[in-house]
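Residue strings, one per chain:
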Amino acid sequence: MSNKSKKATGGASDANQQRLAKQRSHDSQDYSAFKVVLFYCSLIVFLPVVTFFVLKGFVLERFFTMSDVKVNIAAAVGAVAALHVSLGVYIYRAYFGGSKASKED
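Residues numbered from 1 in each chain as written. Predicted model: local features only at pLDDT ≥ 70, side-chain atom pairs only at ≥ 80, totals over all residues. Heavy atoms only, no water.

Structural notes on a nonpolar patch on the surface
Phase 1 of the analysis: A cluster of nonpolar side chains, contributed by V45, F46, V50, V54 and F58, occupies part of the molecular surface with about 470 Å² of accessible area.
Phase 2 of the analysis: Mapped onto the elements of the fold, V45 is located in helix α1 (residues 3–63).
Phase 3 of the analysis: Classification of V45 by relative accessible area gives partly exposed; the value is 49%. (Patch = residues over 30% accessible without salt bridge, like charges linked within 9 Å, V, L, I, M, F, W, Y side chains within 5 Å. Areas by Shrake-Rupley, 256 points an atom, 1.4 Å probe, with all protein chains shown as cover. Salt bridge = Lys/Arg side-chain N within 4 Å of Asp/Glu carboxyl O. Helix = DSSP H or I, 4+ residues; strand = E, 2+ residues; numbered from the N terminus. Buried < 20%, exposed > 50% of the residue type's maximum accessible area, 1.4 Å probe, protein only.)

Right, here's the structure in full:
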């Protein structure tokens, strides 16, 4: 092999390594964004359900003398409040807490 072909091969290898490093960077950013979205989706879906059953089963029926209808209504109000809190946290994070990523084209 001549020196010219060695240099051309080395240049292509450097370009491939740079392209792979850039792709890994984008993949890690995508994975990070996926984790954040998955966390907030789980929070929005499961927090109200858990709140409803915890309020109904453990708090309201044991510590307060209320009828079943009132217990269900109070637990539903608590679940709606938990939903609003989780949505508020998500909106706050989306508006104020997002990373300052710059676009590169």
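Quick notes on the packing of aromatic side chains
How two aromatic rings sit relative to each other is set out by the distance from centre to centre and by the angle between their planes.
Phase 1 of the analysis: Across all of its chains, the model carries 5 aromatic pairs by this definition.
Phase 2 of the analysis: The interplanar angle of 85° and the centroid separation of 5.1 Å between the aromatic rings of F52 and F53 together place this pair among those described as edge-to-face.
Phase 3 of the analysis: Linked through ring pairs, F39, Y40 and Y90 together constitute an aromatic cluster. (Phe/Tyr/Trp six-rings, centres within 6.5 Å; stacked < 30°, edge-to-face > 60°.)

Topic: the nonpolar core
Phase 1 of the analysis: In this structure, F52, L60, V71, A75 and A79 together form the largest nonpolar core, which totals 5 residues.
Phase 2 of the analysis: If you list the elements that add at least two residues to this core, you get α1 and α2 (68–95).
Phase 3 of the analysis: The leading source of residues in this core is α2, at 3 residues.
Phase 4 of the analysis: Sequence-distant contacts of A79, that is, excluding residues within four places in its chain, are made with P48, T51 and F52. (Core = buried A, V, L, I, M, F, W, Y, C linked by side-chain atoms within 4.5 Å. Contact = heavy atoms within 4.5 Å.)

Section: the UniProt feature "transmembrane region" (unreviewed entry) in the chain
Phase 1 of the analysis: Residues given the UniProt feature "transmembrane region" (unreviewed entry) here are residues 37–59 and 71–92.
Phase 2 of the analysis: The annotated region residues 37–59 carries 100% helix and 0% strand content, and the separation between its end C-alpha atoms amounts to 31 Å.
Phase 3 of the analysis: In residues 71–92, the share of helix is 100% and the share of strand is 0%. The end C-alpha atoms are 31 Å apart. (UniProt positions renumbered as here; feature names shortened; annotations may be inferred.)

Some words on the side chain of S86
Phase 1 of the analysis: Positionally, S86 belongs in helix α2.
Phase 2 of the analysis: Relative accessible area serves as the criterion here: at 1%, S86 is assigned to the buried category.

What to know about α2
Phase 1 of the analysis: If you check α2, its first and last C-alpha atoms are 40 Å apart, about what 28 residues at 1.5 Å a residue would give, namely 40 Å.
Phase 2 of the analysis: Within the sequence span of α2, burial applies to V71, A75, G78, A79, A82 and S86. (Expected span 1.5 Å × (residues − 1).)

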